[in-house]
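Understanding the architecture of this molecule
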Amino acid sequence: SDLDFNAKYESGKHDMEEIQVLGNSMNTLSERLEETISELKSANNQLTKDIEEKTKIDEMRKDFIANVSHELKTPIALIQGYAEGLQEGMGEEKESRDYYCDVIVDEANKMNKMVRQLLTLTALEFGNDTPSIAAFDVTELVHDLINSSGILIQQNAAKVSVDMPETLVVMGDEFKIEEVVTNYLTNAMNHLGGDHKIRIWSETLDGV
(Lines give C-alpha, C1' and ligand atoms only; values in the text may rest on other atoms or scores of the structure.)
Protein backbone atom coordinates (compact mmCIF):
# COMPACT_ATOMS: atom_id res chain seq x y z
CA SER A 1 0.00 0.00 0.00
CA ASP A 2 3.07 2.29 0.46
CA LEU A 3 4.35 1.29 -3.01
CA ASP A 4 7.30 -0.49 -1.41
CA PHE A 5 7.76 -3.31 -3.89
CA ASN A 6 10.68 -4.80 -1.99
CA ALA A 7 8.19 -6.24 0.48
CA LYS A 8 7.43 -9.82 -0.61
CA TYR A 9 5.47 -12.73 0.76
CA GLU A 10 7.77 -15.48 1.92
CA SER A 11 6.21 -18.89 2.30
CA GLY A 12 6.39 -20.49 5.70
CA LYS A 13 6.37 -24.23 6.28
CA HIS A 14 3.25 -23.97 8.43
CA ASP A 15 1.28 -21.78 5.97
CA MET A 16 -1.85 -23.28 4.55
CA GLU A 17 -1.98 -23.82 0.78
CA GLU A 18 -4.57 -21.07 0.38
CA ILE A 19 -2.22 -18.61 2.15
CA GLN A 20 0.66 -19.63 -0.11
CA VAL A 21 -1.48 -19.18 -3.24
CA LEU A 22 -2.64 -15.79 -1.98
CA GLY A 23 0.92 -14.77 -1.07
CA ASN A 24 2.29 -15.78 -4.47
CA SER A 25 -0.55 -13.89 -6.16
CA MET A 26 0.31 -10.81 -4.08
CA ASN A 27 3.95 -11.12 -5.19
CA THR A 28 2.90 -11.36 -8.86
CA LEU A 29 0.60 -8.37 -8.44
CA SER A 30 3.40 -6.43 -6.76
CA GLU A 31 5.84 -7.16 -9.63
CA ARG A 32 3.32 -6.13 -12.29
CA LEU A 33 2.44 -2.95 -10.38
CA GLU A 34 6.15 -2.09 -10.11
CA GLU A 35 6.65 -2.57 -13.86
CA THR A 36 3.52 -0.59 -14.72
CA ILE A 37 4.34 2.32 -12.39
CA SER A 38 7.91 2.39 -13.73
CA GLU A 39 6.57 2.60 -17.30
CA LEU A 40 4.15 5.35 -16.25
CA LYS A 41 6.97 7.33 -14.62
CA SER A 42 9.06 6.99 -17.78
CA ALA A 43 6.13 8.09 -19.97
CA ASN A 44 5.41 10.99 -17.63
CA ASN A 45 9.05 12.14 -17.75
CA GLN A 46 8.98 12.02 -21.55
CA LEU A 47 5.70 13.92 -21.61
CA THR A 48 7.17 16.56 -19.30
CA LYS A 49 10.17 16.93 -21.63
CA ASP A 50 7.88 17.19 -24.68
CA ILE A 51 5.79 19.88 -22.98
CA GLU A 52 8.92 21.83 -22.00
CA GLU A 53 10.26 21.58 -25.56
CA LYS A 54 6.93 22.73 -27.02
CA THR A 55 6.82 25.66 -24.59
CA LYS A 56 10.39 26.58 -25.53
CA ILE A 57 9.59 26.44 -29.27
CA ASP A 58 6.43 28.52 -28.76
CA GLU A 59 8.44 31.18 -26.91
CA MET A 60 11.11 31.17 -29.61
CA ARG A 61 8.41 31.54 -32.27
CA LYS A 62 6.81 34.48 -30.42
CA ASP A 63 10.19 36.20 -29.93
CA PHE A 64 11.12 35.64 -33.56
CA ILE A 65 7.85 37.04 -34.89
CA ALA A 66 8.16 40.04 -32.55
CA ASN A 67 11.73 40.66 -33.74
CA VAL A 68 10.80 40.41 -37.42
CA SER A 69 7.87 42.76 -36.86
CA HIS A 70 10.27 45.23 -35.28
CA GLU A 71 12.78 44.83 -38.12
CA LEU A 72 10.10 45.52 -40.75
CA LYS A 73 9.16 48.90 -39.29
CA THR A 74 12.19 50.78 -40.66
CA PRO A 75 12.07 49.50 -44.27
CA ILE A 76 8.31 50.14 -44.35
CA ALA A 77 8.86 53.69 -43.06
CA LEU A 78 11.59 54.29 -45.69
CA ILE A 79 9.47 52.93 -48.54
CA GLN A 80 6.54 55.06 -47.42
CA GLY A 81 8.70 58.16 -47.01
CA TYR A 82 10.39 57.93 -50.39
CA ALA A 83 7.13 56.95 -52.15
CA GLU A 84 5.40 60.00 -50.64
CA GLY A 85 8.37 62.10 -51.70
CA LEU A 86 7.90 60.94 -55.29
CA GLN A 87 4.19 61.72 -55.09
CA GLU A 88 4.94 65.23 -53.86
CA GLY A 89 7.37 65.84 -56.71
CA MET A 90 10.53 65.85 -54.59
CA GLY A 91 12.31 63.80 -57.24
CA GLU A 92 11.94 66.19 -60.15
CA GLU A 93 15.43 65.44 -61.43
CA LYS A 94 16.06 62.02 -62.96
CA GLU A 95 19.00 61.42 -60.65
CA SER A 96 16.82 62.06 -57.57
CA ARG A 97 14.00 59.91 -58.90
CA ASP A 98 16.41 57.06 -59.62
CA TYR A 99 17.87 57.35 -56.12
CA TYR A 100 14.42 57.29 -54.51
CA CYS A 101 13.43 54.26 -56.58
CA ASP A 102 16.71 52.48 -55.77
CA VAL A 103 16.09 52.95 -52.03
CA ILE A 104 12.52 51.66 -52.37
CA VAL A 105 13.67 48.58 -54.30
CA ASP A 106 16.53 47.95 -51.84
CA GLU A 107 14.27 48.20 -48.79
CA ALA A 108 11.65 46.00 -50.47
CA ASN A 109 14.36 43.37 -51.05
CA LYS A 110 15.31 43.55 -47.36
CA MET A 111 11.67 43.06 -46.39
CA ASN A 112 11.44 40.10 -48.75
CA LYS A 113 14.48 38.50 -47.11
CA MET A 114 13.03 39.07 -43.64
CA VAL A 115 9.72 37.51 -44.65
CA ARG A 116 11.56 34.47 -46.03
CA GLN A 117 13.27 34.14 -42.66
CA LEU A 118 9.89 34.31 -40.98
CA LEU A 119 8.61 31.52 -43.21
CA THR A 120 11.52 29.23 -42.26
CA LEU A 121 10.69 28.93 -38.57
CA THR A 122 11.62 25.25 -38.68
CA ALA A 123 15.28 26.17 -39.06
CA LEU A 124 15.05 28.40 -36.00
CA GLU A 125 13.18 25.79 -33.94
CA PHE A 126 15.90 23.21 -34.49
CA GLY A 127 18.81 25.59 -34.05
CA ASN A 128 19.74 25.72 -37.74
CA ASP A 129 19.56 29.49 -38.13
CA THR A 130 23.27 29.66 -38.98
CA PRO A 131 24.81 33.09 -39.67
CA SER A 132 26.38 33.61 -43.07
CA ILE A 133 29.90 34.71 -42.11
CA ALA A 134 31.97 36.66 -44.65
CA ALA A 135 34.29 39.66 -44.82
CA PHE A 136 32.68 43.04 -45.51
CA ASP A 137 33.37 46.75 -45.04
CA VAL A 138 31.32 47.91 -42.06
CA THR A 139 32.20 51.57 -42.73
CA GLU A 140 30.68 51.31 -46.20
CA LEU A 141 27.65 49.59 -44.68
CA VAL A 142 27.14 52.46 -42.22
CA HIS A 143 27.42 55.15 -44.91
CA ASP A 144 25.04 53.27 -47.25
CA LEU A 145 22.58 52.91 -44.40
CA ILE A 146 22.74 56.63 -43.56
CA ASN A 147 22.22 57.53 -47.21
CA SER A 148 19.20 55.24 -47.58
CA SER A 149 17.76 56.54 -44.28
CA GLY A 150 18.19 60.13 -45.43
CA ILE A 151 14.47 60.89 -45.56
CA LEU A 152 13.92 59.61 -42.00
CA ILE A 153 16.94 61.58 -40.77
CA GLN A 154 15.53 64.68 -42.45
CA GLN A 155 12.06 64.11 -41.00
CA ASN A 156 13.55 63.86 -37.49
CA ALA A 157 15.83 66.86 -38.04
CA ALA A 158 18.75 64.67 -36.96
CA LYS A 159 22.43 65.45 -37.54
CA VAL A 160 24.33 62.20 -38.07
CA SER A 161 28.13 62.09 -37.95
CA VAL A 162 30.40 59.10 -38.59
CA ASP A 163 33.77 58.71 -36.87
CA MET A 164 35.15 55.54 -38.44
CA PRO A 165 38.17 54.58 -40.58
CA GLU A 166 37.67 55.02 -44.31
CA THR A 167 37.72 51.22 -44.61
CA LEU A 168 36.97 48.81 -41.78
CA VAL A 169 36.73 45.18 -42.90
CA VAL A 170 35.16 42.76 -40.42
CA MET A 171 34.01 39.14 -40.40
CA GLY A 172 30.32 38.59 -39.77
CA ASP A 173 26.83 38.21 -41.20
CA GLU A 174 26.45 41.45 -43.17
CA PHE A 175 22.64 41.28 -43.33
CA LYS A 176 22.29 40.72 -39.58
CA ILE A 177 24.87 43.41 -38.75
CA GLU A 178 22.94 45.83 -40.95
CA GLU A 179 19.79 45.00 -38.95
CA VAL A 180 21.68 45.79 -35.72
CA VAL A 181 23.00 49.14 -37.00
CA THR A 182 19.56 49.99 -38.40
CA ASN A 183 18.00 49.33 -34.99
CA TYR A 184 20.55 51.55 -33.25
CA LEU A 185 20.04 54.36 -35.75
CA THR A 186 16.23 54.07 -35.64
CA ASN A 187 16.18 53.99 -31.83
CA ALA A 188 18.50 57.01 -31.72
CA MET A 189 16.14 58.97 -33.98
CA ASN A 190 13.19 57.93 -31.81
CA HIS A 191 14.88 59.34 -28.70
CA LEU A 192 16.51 62.50 -30.00
CA GLY A 193 17.10 65.29 -27.51
CA GLY A 194 19.07 68.47 -27.21
CA ASP A 195 20.80 69.36 -30.48
CA HIS A 196 19.52 66.20 -32.26
CA LYS A 197 23.05 64.89 -32.89
CA ILE A 198 23.68 61.21 -33.58
CA ARG A 199 27.28 59.98 -33.62
CA ILE A 200 28.34 56.62 -35.03
CA TRP A 201 31.90 55.62 -34.26
CA SER A 202 34.24 52.65 -33.95
CA GLU A 203 36.96 52.04 -31.40
CA THR A 204 39.48 49.40 -30.42
CA LEU A 205 38.77 47.53 -27.19
CA ASP A 206 41.33 45.17 -25.59
CA GLY A 207 43.35 45.08 -28.79
CA VAL A 208 40.36 44.01 -30.88
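In this report, the structure presented in the accompanying data block is examined.

Our focus in this paragraph is the pattern of salt bridges. Applying the stated criterion across every chain yields a total of seven salt bridges. Close ionic contact of Arg199 with Asp163 constitutes a salt bridge, the shortest N to O distance being 3.2 Å. Of the two residues, Arg199 is situated in strand 4 (residues 197-201) and Asp163 in strand 2 (residues 159-163); the sequence distance between them amounts to 36 residues. Judged by its relative accessible area of 43%, Asp163 falls in the partly exposed class. For the salt bridge of Asp173 with Lys176, the shortest nitrogen-to-oxygen distance reads 3.9 Å. Judged by its relative accessible area of 11%, Asp173 falls in the buried class.

Enumeration according to the criterion identifies one cavity of 30 Å³ or more in this entry. Its boundaries defined by the atoms lining it, the largest cavity holds a volume of some 100 Å³. Along the walls of the largest cavity sit 13 residues, with Pro75, Glu107, Lys110, Met114 and Thr182 positioned nearest its centre. If you list the elements that add at least two residues to the lining of the largest cavity, you get helix 1 (17-87), helix 2 (94-118) and helix 6 (174-190).

Counting through the fold element by element, Asn183 comes out in helix 6. As a C-alpha pair, Asn183 and Glu92 span 91 residues in sequence and 31 Å in three-dimensional space.

What follows is about the packing of helix 4 (residues 138-148) against helix 6. Across the interface, helix 4 lies against helix 6 with an axial gap of 10 Å and an inter-helix angle of 50°. Regarding the angle of helix 4 to helix 6, the classification is oblique. Note on packing geometry: the crossing formed by helix 4 with helix 6 is right-handed. Counting all contacts with helix 4, which are made through Leu141, Val142 and Leu145, the residues of helix 6 involved are Glu174, Glu178, Val181, Thr182 and Leu185.

Analysis parameters
Residues numbered from 1 in each chain as written. Predicted model: local features only at pLDDT ≥ 70, side-chain atom pairs only at ≥ 80, totals over all residues. Heavy atoms only, no water. Salt bridge = Lys/Arg side-chain N within 4 Å of Asp/Glu carboxyl O. Helix = DSSP H or I, 4+ residues; strand = E, 2+ residues; numbered from the N terminus. Buried < 20%, exposed > 50% of the residue type's maximum accessible area, 1.4 Å probe, protein only. 1 Å grid on protein atoms, 1.4 Å probe; cavity = no way out; pocket = protein on both sides within 12 Å on 5 of 7 lines; lining within 4 Å. Points joined across faces, edges and corners; volume = space filled by probe spheres on them. Axes fitted to C-alpha atoms, helices over the stretch in contact; angles between N-to-C directions. Parallel < 35°, antiparallel > 145°, perpendicular 65-115°, else oblique. Left-handed = near helix turned anticlockwise from the far one by under 90°. Contact = heavy atoms within 4.5 Å.

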